[in-house]
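Topology and contacts: notes
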Number of protein chains: 2
Amino acid sequence: MNVLVVGGAGYIGSHAVRLLLDAGHTVTVYDNLSRGHAASVPDGMLVQGELSDRAKVVQTLRDKKIDAVMHFAAFALVNESVNDPALYYRNNVIDAVELLDAMREADVKKIVFSSTTATYGEPDTVPIPETTPQNPINPYGFTKMVFEHALADYAAAYGFGYAALRYFNAAGARPDGSIGEDHDPETHLIPIVLQVALGQRDAITIFGDDYATEDGTCVRDYIHVDDLGAAHLLALDKIELGKGLCVNLGTGRGTSVREIIEACREVTGHPIPEKMGPRRAGDPSELIADARMAKERLGWQPKYMDVKSIVQTAWKWHQAHPNGYAK
Amino acid sequence: MNVLVVGGAGYIGSHAVRLLLDAGHTVTVYDNLSRGHAASVPDGMLVQGELSDRAKVVQTLRDKKIDAVMHFAAFALVNESVNDPALYYRNNVIDAVELLDAMREADVKKIVFSSTTATYGEPDTVPIPETTPQNPINPYGFTKMVFEHALADYAAAYGFGYAALRYFNAAGARPDGSIGEDHDPETHLIPIVLQVALGQRDAITIFGDDYATEDGTCVRDYIHVDDLGAAHLLALDKIELGKGLCVNLGTGRGTSVREIIEACREVTGHPIPEKMGPRRAGDPSELIADARMAKERLGWQPKYMDVKSIVQTAWKWHQAHPNGYAK
């Protein structure tokens, strides 16, 4: 297939690009490089542009004879979304709907969308099935949910086919260490812990150790970025026009903050000192996927089922690129 | 105050314009006339433009020294929203957020927004208080709900102050008959019934008479358009920066389709033949406001508490303007 990867210069998008190429697809990356890295895109595949540039998006869809779109171009920082929601309505709603309307114009109707567990908010039951009511508690989660609704409405009215993949905690890097995670600011736990091992931070701060979990720290479901990517490829094959599929992507296993830090110590051999900090607002104690639907509907099974193997891939990337994509 | 009435050439907006003028405010109407009527705007008050034209909106806000915005510019046809949702994401979300961003740029932070009972979907309990969960069942209701969230997020982050007024069934016309309802297509019950009295239709079709209501037909809460407008003026005074107020606007009284038809017969003296049709999808049996909050928070009390008085104002308009604003 000819696949347009929107946001393909970002963390998860860049990994999906490699997996698409590995599987023999033809890839075009559309990215404005506002947060992505040109260096993460294979030579010759990047079209730099805005989603609001209708003519350019339509021309790209037509020139490259695109069969399907993967949409990774969104902002994903919870705190930023609270402090500056305009960015999130712009990027995650307005620009995303502009993409759909460009697709209508170019008659491209298949799309795989990066959704998120943040659309659930603070669910009562864990593990979290896809039937959990979506009650997002911040503009990030809300704007992602809005786009899921837009997809459902476009499927019903215009015959779009889509998959909305609700990620739990993306982590890790391509095993060859060639691409990986590089956010500014970095808010993800594993890269921050590994920055301590690299000598870039003195200690890792744990935000709350009095949660109702085994060791008192927050529990999350860490899923390897290549496992996420693999699910996108499977979803691409399963998409039916006029229909949608909303699926959790997680391992179904929870790992606490302390367990992540311990895994990082084992992998890096660095003592990684801890500091205690207060709880952060809007941090639920446990977020673990009910991961059965992805297995049943997509035939998907994560390969990285223990966090140590995930951390090993991340560590390879961060060691080789201590300053990320910067020189 | 200097008030910008966005969508002021539409049905409800044009009535609010008159009430603002009556109260001594200075009014500018911003409307693209895609569905509004230039003839409904007082001379010299119209700025014709798109909300996506950032420069024009900002310039208008600055040139007219706008203190507050009333936002009526949205599409409001449920069936159309299902069949062509792109129009609703465009008009009710994208363009509306563009308005907010223009307001940020021009440092105008007060806004009264026309929301709707459609944001509630099909609530379990009637009368419907504002605490009812919002579960809209069509893109119209959903896109209106999205904008309520945007307002809340902009209030928290940027200090906007807003009122979201959730209308029940707007009806009636300015009592002097100078302006009134003129939609294409017309989907509202009272104008359609009055078209029968005007000889423009043979009969009125009742969609279902086996609902669990007293006479079997759907019950709605009809609220006079001038009562809606009056609530906007009260809301304007109550808005506090950084805060929002979401309030139902209805009478708290329900009227069935058959009662509306009977009121139209009494007012017009026309027999108004009925035809029976099947139920329509997504028509709840009863939608009646719990109207207490508007009274408590806005000091608002509808003046038109019986539908006959509402129909009288509508009839005066339709008699004088049987083809609406068209020549």
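Each value, and the rule that gives it
Residues numbered from 1 in each chain as written. Chains lettered and ligands numbered in written order. Predicted model: local features only at pLDDT ≥ 70, side-chain atom pairs only at ≥ 80, totals over all residues. Heavy atoms only, no water. Core = buried A, V, L, I, M, F, W, Y, C linked by side-chain atoms within 4.5 Å. Buried < 20%, exposed > 50% of the residue type's maximum accessible area, 1.4 Å probe, protein only. Contact = heavy atoms within 4.5 Å. pLDDT = per-residue confidence, 0-100. Buried area = accessible area lost by both parts, 1.4 Å probe. Salt bridge = Lys/Arg side-chain N within 4 Å of Asp/Glu carboxyl O. Polar contact = N/O pair within 3.5 Å; in protein donor to acceptor, adjacent residues only side chain to side chain. UniProt positions renumbered as here; feature names shortened; annotations may be inferred. Helix = DSSP H or I, 4+ residues; strand = E, 2+ residues; numbered from the N terminus. Pairing = 2+ DSSP bridges. Right-handed = clockwise from strand over helix to strand, strands pointing away. Least-squares fit on C-alpha atoms with pLDDT ≥ 70 in both. Axes fitted to C-alpha atoms, helices over the stretch in contact; angles between N-to-C directions. Parallel < 35°, antiparallel > 145°, perpendicular 65-115°, else oblique. Left-handed = near helix turned anticlockwise from the far one by under 90°. Nonpolar A, V, L, I, M, F, W, Y, C, P; charged D, E, K, R; others polar. Expected span 1.5 Å × (residues − 1).

Quick look at the nonpolar core now. By size, the foremost hydrophobic cluster in this structure holds 72 residues, and its most contacted members are A:Leu61, A:Val69, B:Leu61 and B:Val69. Among all residues touching B:Val69, those that are not within four sequence positions of it are B:Leu4, B:Val6, B:Leu61, B:Leu99, B:Met103, B:Val108, B:Lys110, B:Ile111 and B:Val112.

We now examine the confidence of the model for chain A. Mean pLDDT over chain A works out to 97, with 100% of the residues at or above the 70 mark. Model confidence for the complex is summarised by a pTM of 0.96, with the ipTM given as 0.95.

Contacts between the two partners involve 24 residues from chain A and, on the opposite side, 24 residues from chain B. When chain A packs against chain B, the two sides together hide about 1900 Å² of surface, and 63% of this comes from carbon and sulfur. Put simply, chain A and chain B have six salt bridges between them. The shortest N-O distance in the salt bridge between A:Asp84 and B:Arg104 comes to 3.9 Å. There are 12 residue pairs in polar contact (both at pLDDT 80 or more) connecting chain A and chain B.

Looking now at the UniProt feature "domain: NAD-dependent epimerase/dehydratase" (unreviewed entry) in chain A. Mapped onto this structure's residue numbering, the UniProt feature "domain: NAD-dependent epimerase/dehydratase" (unreviewed entry) falls at residues 3-249 of chain A. From the first C-alpha to the last, residues 3-249 of chain A spans 21 Å; its make-up is 38% helix and 20% strand.

Looking now at the pairing of strand β2 (residues 26-31) of chain B. Taken residue by residue, a regular strand's side chains alternate between the two faces of the sheet. Residue and element names in this part refer to chain B. The buried count for β2 comes to five of six residues, which makes it a mostly enclosed element. Note that strand β1 (residues 2-6) and β2 share five bridges and pair parallel. Across the sheet, the residue bridging to Val-6 is Tyr-30, located in β2. Crossover connection from β1 via helix α1 (residues 11-22) to parallel β2: handedness right-handed. Relative to strand β3 (residues 46-48), β2 runs parallel, the two being bridged by three bridges. Counted as the bridge partner of Tyr-30 is Val-47 from β3.

For the match of chain A to chain B, the screw axis carries a shift of 0.0 Å, the RMSD comes to 0.0 Å, and the turn is 180°. Read as a symmetry element, the transformation amounts to a two-fold axis. Taking C-alpha positions as reference, the residue of chain A nearest the rotation axis is A:Ile94, located at 2.8 Å. By residue overlap, the copies meet face to face through one surface: 100% of the interface positions of chain A are interface positions in chain B.

Let's shift gears to the pairing of strand β4 (residues 68-71) of chain A. Residue and element names in this part refer to chain A. Burial of β4 is two-sided: the residues Ala-68 and Met-70 facing one way and the residues Val-69 and His-71 facing the other way are all buried. Summarising the sheet, strand β1 (residues 2-6) and β4 pair through four bridges and their orientation is parallel. What sits directly across from Leu-4, in β4, is Val-69. As judged from the three bridges shared by β4 and strand β5 (residues 110-116), these two strands associate in the parallel manner. Along β5, the bridge assignment pairs Val-69 with Ile-111.

Below, the discussion takes up the packing of helix α8 (residues 257-268) of chain B against helix α10 (residues 307-320) of chain B. All names here are of chain B. α10 packs onto α8 with a crossing angle of 55° between their chain directions and a minimal axis gap of 9 Å. With respect to α10, the axis of α8 lies oblique. Our pair here, α8 against α10, has a crossing hand that is right-handed. Of the residues in α10, those touching α8 at Ile-260, Ala-263, Cys-264, Glu-266, Val-267 and Thr-268 are Val-307, Lys-308, Val-311, Gln-312 and Trp-315. Of the residues belonging to the contact of α8 with α10, the class tally is seven nonpolar, two polar and two charged.

The next subject is helix α8 (residues 257-268) of chain A. Residues and elements named next belong to chain A. For α8, which comprises 12 residues, the first-to-last C-alpha distance of 16 Å matches the rise-based estimate of 16 Å (1.5 Å per residue) to within 8%. Those residues of α8 that are buried lie in contact with α6 (189-197), β8 (204-207), β10 (222-224), β12 (255-256), β13 (274-277) and α10 (307-320). Where α8 ends, the next residue or the one after it, Gly-269, has phi of about 75°, a positive value.

Bringing the sheet that holds β2(B) into the picture now. Working definition: the strands of a sheet are paired by backbone hydrogen bonds and lie parallel or antiparallel to each other. All names here are of chain B. Reading across from one edge, β3-β2-β1-β4-β5-β6-β11 is the order of the seven strands in this open sheet, with parallel pairing throughout. Either end of the sheet is taken by a strand with one partner, and the two such strands are β3 and β11 (244-249). Direction aside, the axes of adjacent strands within the sheet are offset by 20° on average. In the packing of helix α2 (residues 54-63) onto the sheet, the strands contacted are β1, β2, β3 and β4 (68-71), and the crossing angle to β2 comes to about 175°. The sheet contacts of helix α7 (residues 225-238) involve β1, β4, β5 (110-116), β6 (161-167) and β11, and relative to β6 the element is tilted by about 160°.

A separate point is the pattern of salt bridges. Residue and element names in this part refer to chain A. For the structure on display, the rule yields 40 salt bridges over all chains. A salt bridge links Arg-174 to Asp-22, with the nearest nitrogen and oxygen atoms 3.2 Å apart. You can see Arg-174 sitting in the loop between β7 (169-171) and α6 and its partner Asp-22 sitting in helix α1 (residues 11-22), a full 152 residues away along the chain. Under the relative-accessibility criterion, Arg-174 is labelled buried at 15%. The exposed category is assigned to Asp-22, whose relative accessible area is 53%.

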